[in-house]
Amino acid sequence: MSLDIGQIALHQLIKRDEQTLEVVLRDSLLTTNAAVDEMMAELHRVYSAKSKAYGLFNAESELADALRGCRKGDETFLAFTRAATGRLRDELAKYPFAEGGVVLFCQYRYLAVEYLLISVLSNCPSMRVNEQLDISSTHYLDINHADIVARIDLTEWETNPESTRYLTFLKGRVGRKVSDFFMDFLGAAEGLDTKAQNRGLLQAVDDYCAEGQLDKNERQAYRQQVYSYCNEQLQAGEEIALTELAQALPPVGERDFKQFSSDEGYQLEESFPADRSTLRQLTKFAGSGGGLSINFDALLMGERIFWDPATDTLTIKGTPPNLRDQLQRRLSNGEK
């Protein structure tokens, strides 16, 4: 099912020098056509596939107040986006990494949910070959690497204002406080902690297996069942639903998994987004640091891989063939 674009506006921030960030504003909304539809479909797809943080507006959020006024018809969508772009420039100018870009505002509907997506897209130079096989310069919007993006679930915001998850955004890369100025611009704070929810789920699963006195193989089989359900939800773009998960798992005692997690106070939401990196811990051990990176299936612990906590030593019996070949070559060269 395709998304239905309601209104879309583009503006631009141009960095003239170290101190100047110029605003270029359109005087009209962007006309919806096949190219615009294709661009928004790609941006929606790329954004939906990325790991996001959840948030909500602060009580004093200027953007939220302006958006409410726009939704009530106090001002046009174009006027709202023009004023918002000015506020975004003011926030972005506070940071030395400010580079500008194309500022996009799009109100659209997808699967009966209405959204407002706001993004700053890089306008990257490139080359093209025309029909006469001549080379010329061109520019393109770097949608695949967009990292300054936020999306407001307008349906959730307006029907459930107490929600802590109607706003999503991408966190900045390490070493760049990309999300800081954007959160200030939005007047928003982080809400639902998806990693904490997923970590709580893993702890609840381990404790549930312990209460049922499952042996090692039974515990790992149970973790695999939990992972299979969660991964299916992740692949389908759906959230983890505790009721569904409990129904998919065999009870290991008098209480099913949902009742156990509720009684024992794990504070899990009825449903929450899956976090890929956290869920991997159900079936794998992984870690890196100090020039060392290790990743192995949980089933190997105690079988081919052994950890001595007293000496913090990991013993591996049976190395992978490609690793063994490298070690043998290095050893044959007289190195240890």
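Residues numbered from 1 in each chain as written. Predicted model: local features only at pLDDT ≥ 70, side-chain atom pairs only at ≥ 80, totals over all residues. Heavy atoms only, no water.

The chain carries the name Nucleoid-associated protein CYR55_05865 in an unreviewed UniProt entry, which gives Chimaeribacter californicus as its organism. UniProt, in its Subcellular location (unreviewed entry) section for the chain, records the words "Cytoplasm, Nucleoid". Comment text from UniProt for the chain, heading Sequence similarities (unreviewed entry), reads "Belongs to the YejK family." (UniProt positions renumbered as here; feature names shortened; annotations may be inferred.)

## Re the overall build of the chain
Each helix and strand in the chain was counted, giving 11 helices and 16 strands. For 336 residues, the compact-globule formula gives about 20 Å, and the C-alpha radius of gyration of the chain, at 25 Å, lies well above that figure. Taking the principal axes of its C-alpha atoms as reference, the chain extends roughly 70 × 60 × 40 Å. Out of the 336 residues in the chain, the part that is buried amounts to 38%. Averaging the coordinates of the 37 positive side-chain charges in the chain and doing the same for the 51 negative ones gives two points 6 Å apart. (Helix = DSSP H or I, 4+ residues; strand = E, 2+ residues; numbered from the N terminus. Rg over C-alpha atoms; globule rule 2.2 N^0.38 Å. Buried < 20%, exposed > 50% of the residue type's maximum accessible area, 1.4 Å probe, protein only. Lys, Arg positive; Asp, Glu negative; His and termini not counted. Charge placed at Lys NZ, Arg CZ, Asp CG, Glu CD.)

## Describing the packing of aromatic side chains
Per the stated rule, a full pass over the model turns up 12 aromatic pairs. Arranged with centres 5.4 Å apart and planes meeting at 65°, the rings of Phe 57 and Trp 157 form a pair that is edge-to-face. With a gap of 100 residues between them, Phe 57 in strand β3 (residues 53–57) and Trp 157 in helix α4 (residues 154–159) connect regions that are remote in the sequence. For the residue pair Phe 57 and Trp 157, the accessibility class agrees, reading buried in each case. A ring pair is formed by Tyr 208 and Phe 260, whose centres lie 5.1 Å apart and whose planes are at 45°; its orientation type is tilted. Here Tyr 208 is found in helix α6 (residues 194–211), whereas its partner Phe 260 is found in helix α9 (residues 257–263), with 52 residues between them in sequence. By relative accessible area, Phe 260 is classed as buried at 3%. By the ring-pair criterion, three or more aromatic residues cluster together here, those being Tyr 208, Tyr 222, Phe 257, Phe 260 and Tyr 266. Taking the ring centre of Tyr 47 as reference, the NZ or CZ of Lys 52 above it sits at 5.1 Å. Note that Arg 165 overlies the ring of Tyr 54, its terminal NZ or CZ placed 5.9 Å from the centroid. (Phe/Tyr/Trp six-rings, centres within 6.5 Å; stacked < 30°, edge-to-face > 60°. Lys NZ or Arg CZ within 6 Å of the ring centre and 35° of its normal.)

## A closer look at the sheet that holds strand β4 (residues 100–110)
Across the sheet, which stays open at both edges, the 8 strands sit in the order β2-β1-β4-β5-β8-β9-β3-β10 with antiparallel pairing between neighbours. Each edge of the open sheet is held by one strand with a lone partner, namely β2 (21–25) and β10 (188–190). Averaged over all pairs of adjacent strands, the angle between strand axes in this sheet comes to 25°, irrespective of strand direction. Where β3 meets strand β9 (residues 167–169), 3 bridges bridge the pair, whose relative direction is antiparallel. Bridged to Gly 55 within β9 is Leu 167. With respect to the sheet, helix α3 (residues 77–92) is in contact with β1 (4–15), β2, β4 and β5 (113–121), its orientation differing from that of β1 by roughly 35°. (Pairing = 2+ DSSP bridges. Axes fitted to C-alpha atoms, helices over the stretch in contact; angles between N-to-C directions. Contact = heavy atoms within 4.5 Å.)

## Let's talk about the pattern of salt bridges
Per the stated rule, a full pass over the model turns up 16 salt bridges. Arg 82 is paired through a salt bridge with Asp 27; the nearest N and O atoms lie 3.3 Å apart. Pair noted here: Arg 82 is in helix α3 and Asp 27 is in the loop between β2 and α1 (34–49), with a separation of 55 residues, a long-range link. The class of Asp 27 is exposed, set by a relative accessible area of 68%. Residue Glu 303 is joined to Lys 216 by a salt bridge in which the shortest nitrogen-to-oxygen separation is 3.5 Å. In this pair, Glu 303 sits in the loop between β14 (292–297) and β15 (305–308) while Lys 216 sits in helix α7 (residues 216–236), placing the two residues 87 residues apart along the sequence. A relative accessible area of 39% means that Lys 216 is categorised as partly exposed. Taken together, the shared-partner salt bridges in this structure form one network comprising Arg 71, Arg 109, Glu 114 and Glu 158. (Salt bridge = Lys/Arg side-chain N within 4 Å of Asp/Glu carboxyl O.)

## Thoughts on unusual backbone geometry
The backbone of Leu 111 shows a phi angle near 50°, a positive value even though the residue is not glycine. Secondary-structure assignment places Leu 111 in the loop between β4 and β5. Located in the positive-phi region is Gln 267, a residue other than glycine, with phi close to 55°. Relative to the elements of secondary structure, Gln 267 occurs in the loop between α9 and β12 (271–272).

## Quick look at the packing of helix α2 (residues 62–72) against α3
Contact geometry for α2 and α3: axes closest at 10 Å, N-to-C directions at 170°. When the interaxial angle is binned, α2 and α3 end up roughly antiparallel. Taken together, the residues of α3 that come into contact with α2 (itself represented by Glu 62, Leu 63, Ala 66, Leu 67 and Cys 70) are Phe 77, Phe 80, Ala 84 and Arg 87. (Parallel < 35°, antiparallel > 145°, perpendicular 65-115°, else oblique.)

## Some points on the packing of α6 against α7
With their axes 10 Å apart at the nearest point, α6 and α7 run at an angle of 145° to one another. For the pair α6 and α7, the sense of crossing is right-handed. In this structure, α6 uses Leu 201, Val 205, Asp 206, Tyr 208, Cys 209 and Ala 210 to contact α7, whose residues at the interface are Arg 219, Tyr 222, Arg 223, Val 226 and Cys 230. The class makeup of the residues in the contact of α6 with α7 is 8 nonpolar, no polar and 3 charged. (Left-handed = near helix turned anticlockwise from the far one by under 90°. Nonpolar A, V, L, I, M, F, W, Y, C, P; charged D, E, K, R; others polar.)

## Describing the environment of Thr 315
Along the chain, Thr 315 falls in strand β16 (residues 313–316). Considering only alpha carbons, one finds Thr 315 and Glu 91, 224 residues apart in sequence, at a separation of 52 Å. Residues within four places of Thr 315 in sequence aside, it is in contact with Arg 304, Ile 305 and Phe 306.

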